[in-house]
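The primary structure of each chain is shown beneath.
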Protein chains: 2
Amino acid sequence: MPTAHQGSSAEVAALDAYIKLMRAAETVTSRVHGPLLGELTVTQFGVLEVLHHRGALSAGEIAEKVLKSAGNLTLVLANLERDGLISRERDRSDGRRWIISLTAAGRKRVSALFPKVAAAITAEFAHLSRAEQAMLGELCKKLGRGGRSTSEA
Amino acid sequence: MPTAHQGSSAEVAALDAYIKLMRAAETVTSRVHGPLLGELTVTQFGVLEVLHHRGALSAGEIAEKVLKSAGNLTLVLANLERDGLISRERDRSDGRRWIISLTAAGRKRVSALFPKVAAAITAEFAHLSRAEQAMLGELCKKLGRGGRSTSEA
DNA sequence: ATCTTTTCGTTTCATGTCAAAGTGTTTTTT
DNA sequence: AAAAAACACTTTGACATGAAACGAAAAGAT
């Protein structure tokens, strides 16, 4: 029998919460993936969604919003452009920047898909009461803001 | 101004909880990644960890535990084998199966790394009280088990 | 003005990821 | 036992992912 690391009780509690958090995130993600199948990847949808929600952004701003590396975004944007869903334009005031915006096709695609994805997420979270959802959100937020300054609300 | 999808309040609540869950999971994952950097990928560590914890398993069993596809596992196991951390052996009672076990080097590696990863996770979850960690775990568990039978404890 | 540093994005490299099709093995049918 | 179905894993193809090195543009230093 393999001997496990002898953890403190604080460690055991944290690891237990950790794996449950990870599994929940992965399970929900995989279910949400359903409506997108054959249409877009999850990341592609995320990029279109953020553009739809906030309007044109630079590549770096998008990377920050969707929590992906810059190098990664380059490829995702290239694929979206190839498929005619976004367009790029050099920022005239800063020649290093690309301004990314949705094309008409991109807007149409994200508009059609968003309700389906939202419905899938809502169905997933229907296992929790409204109060539980709020509590979960609160705990996740508190968890995530480690190392941040207190300037955020 | 882009017009957002007009969601019901249940939808808004669910989406809000959803993005907080995802961001928390991603943030924690990226911080946990630190101790592994240059040593192993997160998935590789996950595979070694499950083998360390439960002993030798078939490829399919590992895939199930770490929530990855079979095709994916093939590659991850190949890389781990190349690095001398695991060994494969045909199951004599079922010629389709591979039995995967840790090598001495694999055991050593995971033993050295596990405490560091556990400490990183513990530090991350220290932002929450013990009761909050338990609550978060409970909510995640409840969220994840949608569509499951009630046979599980 | 020139040099240096910083910043934005791209490229490269190694790995991970899934879906779908394929290969060989075992089990089930008939 | 031969055929069919189910199963465990592999292969392939397209895409995602991060780190690190790189190129170009902007900002700062002198």
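Note: the structure precedes this text.
These remarks concern the structure in this document. Here, residues in each chain are numbered from 1, in the same order as that chain's written sequence. By the order in which they are written, chains take letters starting at A while ligands take numbers starting at 1. Owing to the predicted nature of the model, reporting of local features is limited to residues with pLDDT of at least 70; listing and counting of side-chain atom pairs is limited to 80 or more, with chain, interface and lining totals taken over all residues. Processing note: side-chain calculations cover all non-hydrogen atoms of the structure and skip hydrogens and water entirely.

A few points about the relation of the copies chain A and chain B
As a reminder, the rule being used: A least-squares fit on C-alpha atoms brings the copies together, and the residues used are those whose pLDDT is at least 70 in both copies. Pairs of residues are marked as contacts when any of their non-hydrogen atoms sit within 4.5 Å.
For the pair chain A and chain B, the relating rotation is 180°, the translation along its axis is 0.0 Å, and the fit reaches an RMSD of 0.1 Å. In symmetry terms, the pair is related by a two-fold rotation axis. The fraction of interface residues of chain A whose copies in chain B are also interface residues reaches 100%, indicating that both copies meet through the same surface.

Remarks on the protein's contact with DNA strand D
Defined as follows: Proximity is defined per residue: if any heavy atom of the residue lies within 4 Å of a molecule or strand, that residue is considered near it. By the criterion applied in these results, polar contacts are pairs of N or O atoms within 3.5 Å in which, for protein atoms, one can donate a hydrogen and the other can accept it, and in which residues neighboring in sequence qualify only through two side-chain atoms. In DSSP terms, a helix is any run of H or I states spanning at least four residues, a strand is any run of E spanning at least two, and both are numbered starting from the N terminus.
Around DNA strand D lies a shell of 23 residues, among which Thr41, Thr43 and Gly95 of chain A together with Gly60 and Thr74 of chain B are the nearest. Sugar plus phosphate: this is where 77% of the atoms of DNA strand D within 4 Å of the protein reside. Between Arg96 of chain B and DNA strand D, the recorded distance is 3.1 Å, taken from a side-chain N or O atom to a base oxygen. Those elements giving two or more residues to the surface near DNA strand D turn out to be α2 (42–54) and α4 (70–82) of chain A together with α3 (59–66) and α4 (70–82) of chain B. Take the surface near DNA strand D: its biggest share by element is 5 residues, from α4 of chain A.

Re the interface of chain A and chain B
Put simply, the test is: As a working definition, buried area equals the accessible area (1.4 Å probe) given up by two parts on being put together, with both sides summed. By definition here, a salt bridge exists when the distance from a side-chain nitrogen of Lys or Arg to a carboxyl oxygen of Asp or Glu is within 4 Å.
With 56 residues of chain A at the interface, the matching set in chain B holds 56 residues. Surface buried jointly by chain A and chain B totals about 5200 Å² across both partners, of which 70% is contributed by carbon and sulfur atoms. Between Glu132 of chain A and Lys142 of chain B there is a salt bridge whose closest N-O contact spans 2.9 Å. Every element with two or more residues in the side of chain A that touches chain B is listed here: α1 (9–36), α2, α3 (59–66), α5 (104–125) and α6 (130–144) of chain A. No other element matches the 20 residues that α1 of chain A contributes to the side of chain A that touches chain B.

Focus on the protein's contact with DNA strand C
What counts, and what does not: In the scheme used here, Gly and all other residues not listed as nonpolar or charged are polar, with Ala, Val, Leu, Ile, Met, Phe, Trp, Tyr, Cys and Pro taken as nonpolar and Asp, Glu, Lys and Arg as charged.
As a matter of local geometry, DNA strand C sits amid 23 residues, with Gly60 and Arg88 of chain A together with Thr43, Asn79 and Gly95 of chain B nearest to it. Taking all atoms of DNA strand C within 4 Å of the protein, the share assigned to sugar and phosphate is 77%. At 3.2 Å from a sugar or linking oxygen of DNA strand C is found a side-chain nitrogen or oxygen belonging to Trp98 of chain A. Contributing elements (two or more residues each) for the surface near DNA strand C: α3 and α4 of chain A together with α2 (42–54) and α4 of chain B. When residues of the surface near DNA strand C are assigned to their parent elements, the largest contribution, 4 residues, is made by α4 of chain B. Here the surface near DNA strand C is composed, by residue class, of 5 nonpolar, 11 polar and 7 charged.

Here we look at α2 of chain A
Residues that lie three or four places apart on an α-helix share one face, since the helix turns once every 3.6 residues. Our working rule: The span one expects for a helix is its residue count, reduced by one, times 1.5 Å. Burial status follows relative accessibility: with a 1.4 Å probe on protein chains alone, a residue under 20% of its type maximum counts as buried, one over 50% as exposed, and anything between as partly exposed.
In this model α2 of chain A runs 18 Å from its N-terminal to its C-terminal C-alpha over 13 residues, within 8% of the 18 Å that 1.5 Å per residue would give. Among the residues making up α2 of chain A, those that are buried are Gln44, Phe45, Val47, Leu48, Val50, Leu51 and His52 of chain A.

Examining the nonpolar core
Where we set the bar: To qualify as a nonpolar core, a set must consist of buried Ala, Val, Leu, Ile, Met, Phe, Trp, Tyr and Cys residues joined through side-chain atoms within 4.5 Å.
Residues Ile62 and Phe125 of chain A together with Ile62 and Phe125 of chain B are the most contacted members of the largest nonpolar core, which totals 80 residues. Dropping the residues within four chain positions of it, Ile62 of chain A is found in contact with Val47, Val50, Leu51, Leu57, Leu73, Leu77 and Ile100 of chain A.

So, the pattern of salt bridges
Residues and elements named next belong to chain A. Scanning all chains against the criterion turns up 14 salt bridges over all chains. Residue Glu39 is joined to Arg109 by a salt bridge in which the shortest nitrogen-to-oxygen separation is 3.5 Å. With Glu39 in the loop between α1 and α2 and Arg109 in helix α5, the pair connects residues that are 70 residues apart, well separated along the chain. On the basis of relative accessibility, which here comes to 38%, the residue Glu39 falls in the partly exposed class. Under the relative-accessibility criterion, Arg109 is labelled partly exposed at 29%.

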